[in-house]
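Topology and contacts: notes
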Amino acid sequence: MNTIELLDKLQRQAMSDEKLRKELLETRKAENPLGAFCRKCRELGYEIYEMELVTAGEEFYAEMKRSTNGGGENSPKLDGEDDFYEMFLASMEEEEEYEQSKKK
């Protein structure tokens with residue numbers, strides 16, 4: 001599996017496991033959040049490393065850009081559009097907020 005597939009599998013697992021979701025979100029508080037996140041992933045059996053995570057987003061975004069208009073699209077990149085790490089944690093936060101709202 002590539003990094004994107006591993007993240008997708010981990011995300012499905014974390015969406016149904018509140019404890020895991022909280023542990024992944026907790027990595028944001030570390031001195032090196034990306035490193036802490038990747039270490040947690042490896043502890044869980046997902047071989048995700050910092051550089052692979054960073055380049056996966058960049059490569060995906062570049063492929064998407066090349067596939068439109070013969071690669072000649074000049075639209076500006078949106079903030080975070082190529083940052084799978086931030087998008088992953090944002091989805092975890094959204095799920096956490098949803099779960100909290102259901103408890104009220």
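Relevant structure appears above.
The structure reproduced in this document is the subject of the present report. (Residues numbered from 1 in each chain as written. Predicted model: local features only at pLDDT ≥ 70, side-chain atom pairs only at ≥ 80, totals over all residues. Heavy atoms only, no water.)

Of all hydrophobic cores here, the largest spans 20 residues; its most connected members are Leu-7, Leu-10, Leu-24, Phe-37, Ile-48, Leu-53 and Phe-88. Elements with a contribution of two residues or more to this core: α1 (3-15), α2 (18-26), α3 (33-43), α4 (50-66) and α5 (84-103). Examining the composition of this core, we find that five residues originate from one element, α5, more than from any other. (Core = buried A, V, L, I, M, F, W, Y, C linked by side-chain atoms within 4.5 Å. Buried < 20%, exposed > 50% of the residue type's maximum accessible area, 1.4 Å probe, protein only. Helix = DSSP H or I, 4+ residues; strand = E, 2+ residues; numbered from the N terminus.)

A few words now on the environment of Glu-93. Along the chain, the position of Glu-93 falls in helix α5. Among the residues examined, Glu-93 registers a relative accessible area of 32% and is labelled partly exposed. A sequence separation of 68 residues divides Glu-93 from Leu-25, and the C-alpha atoms of the two residues are 7.3 Å apart. In contact with Glu-93, not counting residues within four places along its chain, are Leu-25 and Arg-28. (Contact = heavy atoms within 4.5 Å.)

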